[in-house]
Amino acid sequence: HDPKDFDAYFLRGIAKYNMDDLLGADADFSVAISLNPVFTGAFYYRAITRSRLGNYDDALNDFQQAIELRPDLPDPYYSRGVTRLLNQQFEEAIKDFDNFIRYEKKVADAYINRGVCHLYLKDTVRAYADFDMGIRTNRESPAGYNRRGVLLMQQSRFAEAERDFDMAIKCDSMLP
C-alpha cells in the first residue's frame, strides 16, 4: 500500500528468498536499499542472495556495506567468509571466520569452514585443530567428523579416520 515502505520490500524479499526466487529477492532487497541506504539487513540478505547466485563480487561489496554500517554484528563476517571460501579467497575468509569467532565461539561450522580454508592453503595442522574444535563445539554434528576423517585418511591414519566416519554416521542417523 505504501510504495516507500522499505520494510515491506525487505520482508517480501525474505519471503522470495525462502521460496528460492533469488532474482525476485535481489530486486526487492535492492528497492529496500534504495529507499533506506543504511538498511544493514537488506545489504546482508542481498549479499547472501547474490552469493547463492554466484555473483560473488557484488555479494562481497554488499557484505562490506553491511559490516561498515554495523561492524558489531557477527553474521556478516561469517557469511562473507563463506562467500570468500567459495570464491577461493582463503586467507581473507580465514580473517572473516576469525572475526565471527570473536563474537560467536559456539558455532561449529565457523571452525570447520576455517579449517577447510587452512586445508586449501596446505596447512594441515591448523585444519586439524579447527576440525577438532568444531567437533568439541558440537559433538552431534557429522560435519566436523567427516572433515577430520578425510584429513586423517589422507595422512594414512586409517583407524582414526574410521572412528571419525563411524561417529559421523552415528550423528547423522540421530537426526529425525
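Just so we're clear, the structure is a prediction, and the values are computed from it rather than from any experiment. Numbers given to residues run from 1 along each chain, matching the order in which its sequence is written. The model is predicted, so local features are restricted to residues of pLDDT at least 70 and side-chain atom pairs to those at 80 or more, both for listing and for counting; the totals for chains, interfaces and linings are taken over all residues. In computing side-chain properties, one takes all heavy atoms of the structure into account and sets aside hydrogens as well as water.

Asker: Explanation requested: the pattern of salt bridges in the structure shown.
Answerer: When their charged atoms lie close together, side chains carrying opposite charge are able to pair. We define a salt bridge as a contact between a side-chain nitrogen of Lys or Arg and a carboxyl oxygen of Asp or Glu at a distance within 4 Å. Taken as a whole and assessed by the stated rule, the structure comprises 16 salt bridges. Here R80 and D96 are joined by a salt bridge, their closest N and O atoms 2.6 Å apart. You can see R80 sitting in helix α5 (residues 75-86) and its partner D96 sitting in helix α6 (residues 90-103), a full 16 residues away along the chain. The closest approach of N and O atoms between D164 and R148, which form a salt bridge, is 2.6 Å. Per the convention used, a helix needs a DSSP run of H or I reaching at least four residues, while a strand needs a run of E reaching at least two, with both numbered from the N terminus.

Asker: Sorry, what's going on with helix α7 (residues 108-120) here?
Answerer: Residues that lie three or four places apart on an α-helix share one face, since the helix turns once every 3.6 residues. What a helix is expected to span follows from its residue count: subtract one and scale by 1.5 Å. Along its 13 residues, α7 runs 19 Å from first to last C-alpha, staying within 8% of the 18 Å computed at 1.5 Å per residue. Classification of residues uses two cut-offs on accessible area relative to the type maximum, computed with a 1.4 Å probe and protein chains only: under 20% is buried, over 50% is exposed, and between them is partly exposed. Of all 13 residues in α7, ten are buried; the element is thus mostly enclosed. Buried within α7 we find A108, A110, Y111, I112, N113, R114, G115, V116, C117 and H118. Phi for K122, located one or two positions after α7, is positive at around 65°.

Asker: Got a minute to help me understand the environment of S34 in this structure?
Answerer: Relative to the helices and strands, S34 resides in helix α2 (residues 22-35). Distance in space between the C-alpha atoms of S34 and A93 is 29 Å, their sequence separation being 59 residues. Polar side-chain contacts of S34 include one of 2.8 Å to the backbone oxygen of V31. Any pair of N or O atoms that falls within 3.5 Å is considered a polar contact. Within protein, one atom must be able to donate a hydrogen and the other to accept it, and sequence-neighbouring residues count only if both atoms are side-chain atoms.

Asker: Any chance you could explain the side chain of R84 here in plain terms?
Answerer: Mapped onto the fold, R84 is located in helix α5. By relative accessible area, which is 17% here, R84 ends up buried.

Asker: Looking at this model, I keep getting lost on the nonpolar core. Mind explaining?
Answerer: Soluble globular proteins: nonpolar side chains tend toward being buried together. Here, the term nonpolar core denotes a set of buried Ala, Val, Leu, Ile, Met, Phe, Trp, Tyr and Cys residues that are joined through side-chain atoms within 4.5 Å. Ranked by internal contacts, the top residues of the largest apolar core, which has 19 residues, are L85, F100, C117 and F131. Elements with a minimum of two residues in this core: α5, α6, α7 and α8 (124-137). By the convention used here, residues are in contact when the closest approach between their heavy atoms is within 4.5 Å. Aside from chain neighbours lying at most four places away, what touches C117 is L85, F90, A93, I94 and F97. Ranked by size, the runner-up nonpolar core spans 16 residues in total, among them F10, A47, F63 and A66.

Asker: Just checking my understanding: could you explain the packing of α5 against α6 for this structure?
Answerer: When two helices pack together, their arrangement is given by the angle between the helix axes and by the axis-to-axis distance. Lines fitted to the C-alpha atoms define the axes, with helices restricted to the stretch that makes contact. Angles between their N-to-C directions range from 0 to 180 degrees. For the pair α5 and α6, interaxial distance at closest approach is 8 Å and the crossing angle is 160°. Our classification of the angle between α5 and α6 gives roughly antiparallel. Every pair of crossing elements has a handedness; the one defined by α5 and α6 is left-handed. Residues D75, Y77, Y78, R80, G81, V82, R84 and L85 of α5 form the contact with α6, whose own contacting residues are F90, E92, A93, D96, F97, N99, F100 and Y103. Ten residues, namely Ala, Val, Leu, Ile, Met, Phe, Trp, Tyr, Cys and Pro, are considered nonpolar, four, namely Asp, Glu, Lys and Arg, are considered charged, and the remaining ones, Gly among them, are considered polar. Residue composition of the contact of α5 with α6, grouped by class: nine nonpolar, two polar and five charged. Roughly parallel means an angle under 35 degrees; roughly antiparallel means over 145; roughly perpendicular covers 65 to 115; every other angle is labelled oblique. Note on convention: near helix rotated counterclockwise from far helix by under a right angle means a left-handed crossing. Clockwise means right-handed.

Asker: Help me understand the environment of F63, please; the structure alone is not making it clear to me.
Answerer: Here F63 is to be found in helix α4 (residues 56-69). Filtering out sequence-adjacent residues up to four positions away, F63 remains in contact with Y44, A47, I48, P76, S79, R80 and T83.

Asker: Even after reading the chapter, I still don't get the packing of aromatic side chains, so can you show me in this structure?
Answerer: Note on aromatic contacts: the rings of Phe and Tyr and the six-membered ring of Trp form a pair at centre separations within 6.5 Å, being stacked when their planes are under 30 degrees apart, edge-to-face when over 60 apart, and tilted otherwise. Counted under the stated rule, the structure contains eleven aromatic pairs. Between the aromatic rings of F10 and F39, the centroid separation amounts to 4.8 Å while the plane-to-plane angle is 50°, which identifies the pairing as tilted. Linking F10 in helix α1 (residues 6-18) with F39 in the loop between α2 and α3 (40-52), this pair joins segments that are 29 residues apart in sequence. Accessibility expressed as a relative area gives 12% for F10, which makes it buried. Since its relative accessible area comes to 14%, F39 is described here as buried. On the basis of an interplanar angle of 75° and a centroid distance of 5.3 Å, the ring pair of Y44 and Y45 is categorised as edge-to-face. Connected via pairs of aromatic rings, a cluster forms that spans F6, F10, F29, F39, Y44, Y45 and F63.

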